[in-house]
Amino acid sequence: MSEATGTARVKRGMAEMLKGGVIMDVVNADQAKIAEDAGACAVMALERVPADIRAQGGVARMSDPDMIEKIQAAVSIPVMAKVRIGHFVEAQIIQSLGVDYIDESEVLTPTDYENHVDKWKFTVPFVCGATNLGEALRRINEGAAMIRSKGEAGTGDVSNAMTHMRKIGGEIRRLSSMREDELYVAAKEMQAPFALVQEVAQTGKLPVVLFTAGGIATPADAALMMQMGADGVFIGSGIFKSGNPAQRAAACVKATTFFDDPKVLAEVSRGLGDAMVGINVSDIPAPHRLAERGW
Amino acid sequence: MKIGVLALQGDFREHIEASQACGHKAVAIRREVELNDLDALILPGGESTTIALLARNYNLIEPIRSKISSGLPVYGSCAGMILLADRLVGGVEKQETFGGLDITVKRNAFGRQVDSFEEEIDFAGRRVNGVFIRAPWVEQVGSEVEILATVNSHAVAVRQGSILATSFHPELTGDLSVHTYFFDEICR
């Protein structure tokens, strides 16, 4: 039998290898090296971290291929890159660069306000954001091989990530407790394909790896998300917008591994210097909240 | 038997489940004291750089090395193979391994994620579904090392005494053949 590339198993399996790890946003090769040396299990290459996108405004698009390739050359760990929601040509371009994972991300300005990318058409796997179980299952139905709860990117405020993890976990637990004949209406209500709803009800978990993202800024935030059932953590602005990125990055990696050990968490939380200043999600007018992008 | 699975990062949960499905007790290992009383150790898939760094930070390198050299049966898949290799090509600067297996491993040898693949392969007389994810291969083996599987003439499964390593991930497939081989033919 010959080799099969781009199968659901190798796409989802790639995400399995990232579990228990931290994926860090980086904007250049130097930051990528710092992330790798700190123990990041992957890096997300992008031109502006979410905090800057938020501060500077304007249309946020995929990164320059030159910049992505410099980061690929600088590190041996997997490199991810973002495309705009629904922008399948940006996805084609990023795939051709040999990037290891594509994030179809609400942090960039959406391209299509109805449809997401048909991710089955690609060899490269995709991760997508979700605020609830229905949204997660719609993305998986479109071919996403990994889900991250959205949180509110670029804020340093972990409250929305918490809300989304509670929501996704709660909806999974609710499905698990339902009678088989109630799942049809559950699927209708959460606007998700019945087969996936049934699978979640039977297994009690998503069929793909679930990471968390958005507003995570400290080792304690990372450990909180792991205790809430995340398989791993994305940290965007939280590292390189802080006072001492290398030390904070290493601390967050350790906190993600030893998420249930308060002694280790205390040790890695000491002397980290300033965390990113941050914005309270409640101070951001609703139309400017990134988590609400995605359909 | 009591199987320890190194649980610093990666797909350790799948190895724990596979070990349990074979009828063994399996525990996650994050600290030195947890290495005591094990009948075998499994090093999972994941990012070898991350796992090596965390192992160094938490003083696990020497204890695991001494367990391996004292003959504790150990199995590593993918990143686990890298961590068992005495010599490494394509690692990051100063990347440490536990070592013990007299092989040279090439990291990410089959390419990036877009090149990841699955393929039926022969493993020690069994037909298994090999799932290769940014997988390494074995460039060169020492005289004591037996090659158990190959893909395009690259060694992807090797054994030396009580040490087994595969560059693919049987823990992701639900097929217990490789785990059974490890428990029944190496650990006994």
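Residues numbered from 1 in each chain as written. Chains lettered and ligands numbered in written order. Predicted model: local features only at pLDDT ≥ 70, side-chain atom pairs only at ≥ 80, totals over all residues. Heavy atoms only, no water.

Named according to an unreviewed UniProt entry, chain B is glutaminase originating from freshwater metagenome. Its UniProt record gives chain B the following Sequence similarities (unreviewed entry) comment, quoted word for word: "Belongs to the glutaminase PdxT/SNO family." Taken verbatim from the UniProt record of chain B, the Catalytic activity (unreviewed entry) comment is "L-glutamine + H2O = L-glutamate + NH4(+)". (UniProt positions renumbered as here; feature names shortened; annotations may be inferred.)

The name given to chain A in an unreviewed UniProt entry is pyridoxal 5'-phosphate synthase (glutamine hydrolyzing), with the source organism recorded as freshwater metagenome. UniProt annotates chain A under Pathway (unreviewed entry) with the comment "Cofactor biosynthesis; pyridoxal 5'-phosphate biosynthesis." Its UniProt record gives chain A the following Sequence similarities (unreviewed entry) comment, quoted word for word: "Belongs to the PdxS/SNZ family."

J.: Can you help me understand the overall build of chain A in this one?
T.: On a plain count of helices and strands, chain A comes out with 13 helices and nine strands. Computed over the C-alpha atoms, the radius of gyration of chain A is 18 Å, within 12% of the 19 Å expected from 2.2 N^0.38 for a compact globule of 295 residues. C-alpha atoms of chain A, sized along the principal axes, occupy 55 × 45 × 40 Å. A burial count over chain A gives 60% of its 295 residues as buried. Here the analysis covers contacts within chain A between residues at least 6 apart in sequence; of these, 66% occur between residues at least 24 apart. With 31 positive and 37 negative side-chain charges, chain A shows a separation of 3 Å between the mean positions of the two kinds. (Helix = DSSP H or I, 4+ residues; strand = E, 2+ residues; numbered from the N terminus. Rg over C-alpha atoms; globule rule 2.2 N^0.38 Å. Buried < 20%, exposed > 50% of the residue type's maximum accessible area, 1.4 Å probe, protein only. Contact = heavy atoms within 4.5 Å. Lys, Arg positive; Asp, Glu negative; His and termini not counted. Charge placed at Lys NZ, Arg CZ, Asp CG, Glu CD.)

J.: What should I look at first to understand the interface of chain B and chain A in this one?
T.: Accessible area lost on assembly of the parts is the figure often given for the size of an interface. With 42 residues of chain B at the contact, the number on the chain A side is 45 residues. Between chain B and chain A, a total of about 3400 Å² is buried, with carbon and sulfur atoms accounting for 54% of that surface. Counting the surface chain B buries against chain A, the share from its top three residues, Tyr58(B), Gln113(B) and Val114(B), is 19%. The tally of links between chain B and chain A comes to five salt bridges. Glu14(B) is paired through a salt bridge with Lys19(A); the nearest N and O atoms lie 2.8 Å apart. Taken together, chain B and chain A are joined by 20 residue pairs in polar contact (both at pLDDT 80 or more). Put simply, the parts of the chain that give the side of chain B that touches chain A at least two residues each are α1 (12–21), α2 (48–57), β7 (117–123) and β8 (126–132) of chain B. At five residues, the largest contribution of residues to the side of chain B that touches chain A is made by α2(B). (Buried area = accessible area lost by both parts, 1.4 Å probe. Salt bridge = Lys/Arg side-chain N within 4 Å of Asp/Glu carboxyl O. Polar contact = N/O pair within 3.5 Å; in protein donor to acceptor, adjacent residues only side chain to side chain.)

J.: Before we go on, may I ask you to explain the pattern of salt bridges in this structure?
T.: Proximity of charged atoms lets side chains of opposite charge pair with each other. Residues and elements named next belong to chain A. Here the structure, examined in full by the defined rule, presents 30 salt bridges over all chains. Residues Asp 118 and Lys 121 are paired through a salt bridge, measuring 2.9 Å at the closest nitrogen-oxygen approach. Classification of Asp 118 by relative accessible area gives partly exposed; the value is 35%.

J.: Help me understand the UniProt feature "domain: PdxS/SNZ N-terminal" (unreviewed entry) in chain A in this model?
T.: UniProt tags residues 8–213 of chain A as "domain: PdxS/SNZ N-terminal" (unreviewed entry). For the annotated span residues 8–213 of chain A, helix accounts for 44% and strand for 16% of the residues, and the straight-line distance between the end C-alpha atoms is 23 Å.

J.: It is not clear to me how the state of the cysteines should be interpreted in this structure. Could you clarify?
T.: Every disulfide links exactly two cysteines, by a covalent bond between their sulfur atoms. Scanning the model with the defined rule gives zero disulfides over all chains in all. Cysteine Cys78(B) shares no disulfide, and the gap to the nearest cysteine sulfur, in Cys41(A), comes to 14 Å. For Cys78(B), a relative accessible area of 5% corresponds to the buried category. Unpaired in terms of disulfides, Cys187(B) finds its nearest cysteine sulfur in Cys22(B), a separation of 10 Å. Relative accessible area serves as the criterion here: at 13%, Cys187(B) is assigned to the buried category. (Disulfide = S-S within 2.5 Å.)

J.: Any chance you could explain the environment of Gln56(A) here in plain terms?
T.: Looking at where Gln56(A) falls in the secondary structure, it is placed in helix α3 (residues 50–56). Polar contacts involving the side chain of Gln56(A) include one to the side chain of Arg48(A), which spans 3.0 Å.

J.: Hey, could you run me through the packing of helix α7 (residues 159–176) of chain A against helix α9 (residues 194–203) of chain A in this one?
T.: A packed helix pair is summarised by two numbers, namely the angle formed by the two axes and the spacing between the axes. Residues and elements named next belong to chain A. Here α7 crosses α9 at 85 degrees, and the two axes come no closer than 7 Å. With respect to α9, the element α7 is oriented roughly perpendicular. Residue-level inspection shows Ile 172, Leu 175 and Ser 176 of α7 in contact with α9, the latter providing Val 197, Val 200 and Ala 201. Class assignment for the residues of the contact of α7 with α9 results in five nonpolar, one polar and no charged. (Axes fitted to C-alpha atoms, helices over the stretch in contact; angles between N-to-C directions. Parallel < 35°, antiparallel > 145°, perpendicular 65-115°, else oblique. Nonpolar A, V, L, I, M, F, W, Y, C, P; charged D, E, K, R; others polar.)

J.: Teacher, can you tell me more about the pairing of strand β3 (residues 42–45) of chain A here?
T.: It is a general feature of regular strands that their side chains alternate between the two faces of the sheet. Residue and element names in this part refer to chain A. Side-chain alternation along β3 places Ala 42 and Met 44 on one buried face and Val 43 and Ala 45 on a second face that is also buried. Summarising the sheet, strand β2 (residues 22–26) and β3 pair through four bridges and their orientation is parallel. Considered in β3, the bridge of Asp 25 is made with Met 44. Each parallel crossover has a hand, and the one from β2 via helix α2 (residues 29–38) to β3 is right-handed. Pairing between β3 and strand β4 (residues 79–84): three bridges, direction parallel. Residue pairing in the sheet places Ala 45 in a bridge with Ala 81 of β4. (Pairing = 2+ DSSP bridges. Right-handed = clockwise from strand over helix to strand, strands pointing away.)

J.: Can you help me understand the packing of aromatic side chains in this one?
T.: Taken as a whole and assessed by the stated rule, the structure comprises 14 aromatic pairs over all chains. Ring plane angle 45 degrees and centroid distance 4.3 Å describe the contact between Phe258(A) and Tyr58(B), whose orientation is recorded as tilted. Placement of Phe258(A) in the loop between α12 (245–257) and α13 (262–269) and of Tyr58(B) in the loop between α2 and α3 (61–69) is noted, with the two residues assigned to different chains. Their ring planes at 85 degrees and their centres at 6.4 Å tell us that Phe123(B) and Phe168(B) sit as a pair that is edge-to-face. Of this pair, Phe123(B) sits in strand β7 while Phe168(B) sits in the loop between β12 (163–166) and α5 (177–186), and the two are 45 residues apart along the sequence. Look at Phe123(B) and you get buried, because its relative accessible area is 0%. Connected via pairs of aromatic rings, a cluster forms that spans Phe110(B), Phe117(B), Phe123(B), Phe132(B), Trp137(B), Phe168(B) and Tyr181(B). (Phe/Tyr/Trp six-rings, centres within 6.5 Å; stacked < 30°, edge-to-face > 60°.)

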